[in-house]
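# Structural overview
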Amino acid sequence: MVWFGLEAEEYDRKYADKVLINRIIPYFKPYRKEMLYVIITLTLSSVLNSMIPILISNLIDRINNSENFLVQIILIIIIFLFNIISWVLNWIQQRNSATVVANIAYDLQKNASDAVLKQNLAFFDRNAVGKVVSRVNSDTKSFKDMGGLFMQSVSSFLVVIIVFIPMLIISPFLTLILALMIPFIFLTALSFRKSARKKTLLGQRSTAQVNNFTRETMMGIQIAKVFRQEQKLYDQFNKINRQSYKVNLERGILLNILFPILMLIQSVTVALLIYVGGGRVISGFLSVGDFYLFLQNLWLLFFPLFSVASFWPQFQSGLSALERIFSLIDAPKTIIQNDDRKIEIRKGLIEIEDLDFQYYDNTKVYEKFSLKIDSGESIAIVGHTGAGKSTLAKILGRFYEFQNGSIRIDGLNIRDLNLDHYRSQIAFVPQTPFIWADTLENNIKYGRPSATREDVINVLESAGGADWVDDLPDGIQTNVKEKGKILSMGQKQLVAFARILLEDPRILILDEATASVDPFTEIRIQDALEKTLKNRTSIIIAHRLWTVRRVDRIIVLDHGRIVEQGNHHQLLKQKGYYARLYNKYFRHQSFEYVQSLKDV
């Protein structure tokens, strides 16, 4: 059957089982003490469980022969105590097993999250966020479930060995018959391995697809309601969810059909052993008690034997989860670091030379692009949509890697500078501000958690005033909810601007930071911005006339090329590309234009 949307991601890899096991073993090492407790309790519990049938067999023989009643009572008490001790040992083993497996899953989640956070924005452009989240959350949980299976298989292996020895002592002949049947059990189980891996991998991808679609639906629910598309979303979800159901149903049927087949082999084996063993009891080669003991051990043997035999097919679920997790962890990092120097940016001189950049889909933005921005200079970048304005801001922030050329800050290649330290000195305000589901104060302190409340109030005042904060339910301590739901767009922009001012950067990059705010909020930001631009290298992606009039220089871009540059009045006099942009986008914002309308 052909499934839609379940293809491998670009960073997916295929790992051999041996490679995955070698990769996961180091995760167990920090928990050696807990593992030792598990092994000790497993061994003791297995010994006790194997001794209980021997004691019961001895008790049956004594009752059959009407031997010492006191000894029979003592045997009953010992059997009872052995069961109690076995229960306690099992509790200790289960507790430590659960601790080990939970800790390993936690470590895997940490490593996967760390790997994702170290990717640049190009990775998130190419890969659906919901599917990445599914690997971090759902796949680590899948491995956690299989971790429990692994601990159970270790326990089962010990039980098989301990139980097999007394069976060999009781009747070597019957044990030989049993041994001849065991390979059929393992061969049957192993024949499911490849199919189980394939079906499990498809099941995990389909779950990731459902998670991703659900996330996207919730993100766009307002648009869906505006255009009355709830039914369409439901139908799309139902289609994806139905496919996930079918894929996981096939996987479940495949894994669950294994045990009925193993039970069939078990029934044949038991029937054969009862037939042969019964004949040896009648012939006097085997006592009733010993035959009972052999059968008891046989029943004790089958469950752990099946657990060991079916471990590899069932463990494919865990291995496929590991394959997806390690693929994410091993996804190539495109951030290029030549050195790791922590140097303070003092001047803010920016030199871009022969820059080549294209997005992952081979869309070229810059080719042999060069630009020099002097220390403390403020520039505005203008141009039509797709000219490369926002891309330049993101490249300077090192959110994307350029292919060729160089960018130097104060004469130093940005790839030689420690990334975190570099970004701490360059402030970037994106087009759409992101607000966390936290207090207003913590949102502003996001880049500098050590800041005091007084610092926060001061930057709010600098960002256009803090009077609006008093209108919030709990003032500065108000939880602004997911994505700042209780704030207006203008208030969100003020928060984003205050957040930047608190870090006091040497270089400021504003990507159309006032494009989506109301005029009153814009005036507030303009007052703060005018003070902030002084003695600070600033790059502003401009959509407002106020901005282009007050900067030192305007850079006019067209398809990744600088077509004009100069100040506002110089460029208007040239009556070129900028003048046409001005008449189309900026002129209606001017006082002269408003006056001309009054005169009409």
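Located above this text is the structure these notes cover.
Let us look at the structure shown here. None of these values were measured; they are calculated from a predicted model.

## As for the overall build of the chain
Helix and strand counts for the chain stand at 21 helices and 10 strands. The C-alpha atoms of the chain give 35 Å as radius of gyration, which overshoots the globular expectation for 600 residues (25 Å, by more than 25%). Taking the principal axes of its C-alpha atoms as reference, the chain extends roughly 125 × 50 × 50 Å. Looking at the chain residue by residue over its 600 residues, the buried ones come to 48%.

## What about unusual backbone geometry?
In this model, Asp-354 sits at a positive phi of 50°, which is unusual for a non-glycine residue. Here Asp-354 is to be found in strand β1 (residues 350-358). Despite not being glycine, Lys-368 shows a phi value in the positive range, around 55°.

## Some details on the sheet that holds strand β2 (residues 364-373)
Reading across from one edge, β2-β1-β4-β5 is the order of the 4 strands in this open sheet, with antiparallel pairing throughout. At either margin of the open sheet sits one strand with a lone partner, and together these are β2 and β5 (412-413). Alignment of β1 against strand β4 (residues 404-409), held across 5 bridges, turns out to be antiparallel. Bridge assignment links Glu-351 to a residue of β4, and that residue is Arg-408.

## Section: the packing of aromatic side chains
Two aromatic rings, taken as a pair, are described by how far apart their centres are and by the angle between their planes. Considering all chains together, one arrives at 11 aromatic pairs under this definition. Ring plane angle 90° and centroid distance 5.4 Å describe the contact between Tyr-359 and Tyr-400, whose orientation is recorded as edge-to-face. Taken as a pair, Tyr-359 in the loop between β1 and β2 and Tyr-400 in the loop between α12 (389-396) and β4 lie far apart in primary sequence, 41 residues in all. By relative accessible area, Tyr-359 is classed as partly exposed at 23%. These aromatic residues form a ring-pair network of at least three members: Tyr-11, Phe-123 and Phe-124. Positioned above the aromatic ring of Phe-326 is the side chain of Arg-23, whose terminal nitrogen or guanidinium carbon lies 4.1 Å from the ring centre. Positioned over the ring face of Phe-402 is Arg-415, at 3.8 Å from the centre of the ring.

## Comments concerning the pattern of salt bridges
Side-chain pairs of opposite charge can arise where the charged atoms are in close proximity. For the structure shown, the criterion picks out 21 salt bridges. Between Glu-353 and Arg-408 there is a salt bridge, with the nearest N and O atoms lying 3.2 Å from each other. In this pair, Glu-353 sits in strand β1 while Arg-408 sits in strand β4, placing the two residues 55 residues apart along the sequence. Residue classification places Glu-353 among the partly exposed residues on the basis of a relative accessible area of 36%.

## Details of the packing of helix α2 (residues 32-64) against helix α3 (residues 69-117)
At a minimum axis distance of 8 Å, the contact between α2 and α3 shows a crossing angle of 160°. Taken as axis vectors, α2 and α3 run roughly antiparallel relative to one another. You can see that α2 and α3 cross each other, and the crossing is left-handed. The class makeup of the residues in the contact of α2 with α3 is 22 nonpolar, 10 polar and 2 charged.

## Considering the side chain of Glu-441
Counting through the fold element by element, Glu-441 comes out in helix α14 (residues 440-444). Reaching out from Glu-441, the side chain makes a polar contact with the side chain of Arg-453 at a distance of 3.0 Å. Ignoring sequence-local partners within four residues, the contact set of Glu-441 consists of Arg-453, Val-456, Ile-476 and Gln-477.

## A closer look at the nonpolar core
What tends to happen in soluble globular proteins is that the nonpolar side chains get buried as a cluster. Grouped together as the largest cluster of nonpolar side chains are 43 residues, with contacts concentrated most on Leu-440, Ile-444, Leu-460, Trp-468 and Ile-554. Residue contributions to this core peak at 8 residues, all from helix α16 (residues 489-503). Taken together, domain 3 (336-425 + 516-599) and domain 4 (433-504) each give at least three residues to this core, which thus spans both. Ignoring anything within four residues of it in the chain, the contact list for Ile-554 reads Ala-380, Val-382, Val-548, Glu-564, Gln-565, Gly-566, Asn-567, His-568, Leu-571 and Tyr-578.

## With respect to the sheet that holds strand β6 (residues 426-429)
If you trace the 6 strands from one edge of the open sheet to the other, you get β6-β7-β8-β3-β9-β10, paired in mixed fashion. Looking at which strands have only one partner, the edges of the open sheet turn out to be β6 and β10 (561-566). With direction set aside, neighbouring strand axes in the sheet form an average angle of 15°. Against the sheet, α12 contacts β3 (378-382), β6, β7 (507-511), β8 (537-541) and β9 (553-558), and its axis sits at roughly 145° relative to β8. Strands β6 and β7 of the sheet are contacted by α16, whose axis makes an angle of about 175° with β6.

## Observations concerning the side chain of Glu-564
On the secondary structure map, Glu-564 appears in strand β10. One buried charge, Glu-564, has no salt-bridge partner; the nearest side chain with opposite charge is Arg-580, at 6.5 Å. Side-chain polar atoms of Glu-564 contact the backbone nitrogen of Tyr-578, separated by 2.9 Å. Beyond its immediate sequence surroundings of up to four residues, Glu-564 is in contact with Ile-554, Ile-555, Val-556, Leu-571, Gln-574, Gly-576, Tyr-577 and Tyr-578.

## Looking at the pairing of β1
Direction of pairing for β1 relative to β2: antiparallel, over a ladder of 6 bridges. Across the sheet, residue Glu-351 finds its bridge partner in β2, namely Lys-372.

## A few points about empty space enclosed by the protein
If you walk through the whole model with that rule in mind, you get 2 cavities of 30 Å³ or more. Here the second largest cavity defines a volume of roughly 60 Å³. Taken together, Gly-5, Glu-7, Glu-9, Asp-12, Lys-131, Arg-135, Arg-205, Ala-208 and Arg-324 make up the lining of the second largest cavity. Secondary structure elements with two or more residues in the lining of the second largest cavity: α5 (129-170) and α7 (193-219).

## Digging into helix α10 (residues 258-282)
Between its first and last C-alpha, α10 extends 36 Å over 25 residues, near the 36 Å set by a 1.5 Å rise per residue. Within the sequence span of α10, burial applies to Leu-258, Leu-262, Ile-265, Gln-266, Thr-269, Val-270, Leu-273, Val-276 and Gly-277. Phi for Gly-284, located one or two positions after α10, is positive at around 85°.

What counts, and at which threshold
Residues numbered from 1 in each chain as written. Predicted model: local features only at pLDDT ≥ 70, side-chain atom pairs only at ≥ 80, totals over all residues. Heavy atoms only, no water. Helix = DSSP H or I, 4+ residues; strand = E, 2+ residues; numbered from the N terminus. Rg over C-alpha atoms; globule rule 2.2 N^0.38 Å. Buried < 20%, exposed > 50% of the residue type's maximum accessible area, 1.4 Å probe, protein only. Pairing = 2+ DSSP bridges. Phe/Tyr/Trp six-rings, centres within 6.5 Å; stacked < 30°, edge-to-face > 60°. Lys NZ or Arg CZ within 6 Å of the ring centre and 35° of its normal. Salt bridge = Lys/Arg side-chain N within 4 Å of Asp/Glu carboxyl O. Axes fitted to C-alpha atoms, helices over the stretch in contact; angles between N-to-C directions. Parallel < 35°, antiparallel > 145°, perpendicular 65-115°, else oblique. Left-handed = near helix turned anticlockwise from the far one by under 90°. Nonpolar A, V, L, I, M, F, W, Y, C, P; charged D, E, K, R; others polar. Polar contact = N/O pair within 3.5 Å; in protein donor to acceptor, adjacent residues only side chain to side chain. Contact = heavy atoms within 4.5 Å. Core = buried A, V, L, I, M, F, W, Y, C linked by side-chain atoms within 4.5 Å. Domains from an automatic or database assignment. Lys, Arg positive; Asp, Glu negative; His and termini not counted. 1 Å grid on protein atoms, 1.4 Å probe; cavity = no way out; pocket = protein on both sides within 12 Å on 5 of 7 lines; lining within 4 Å. Points joined across faces, edges and corners; volume = space filled by probe spheres on them. Expected span 1.5 Å × (residues − 1).

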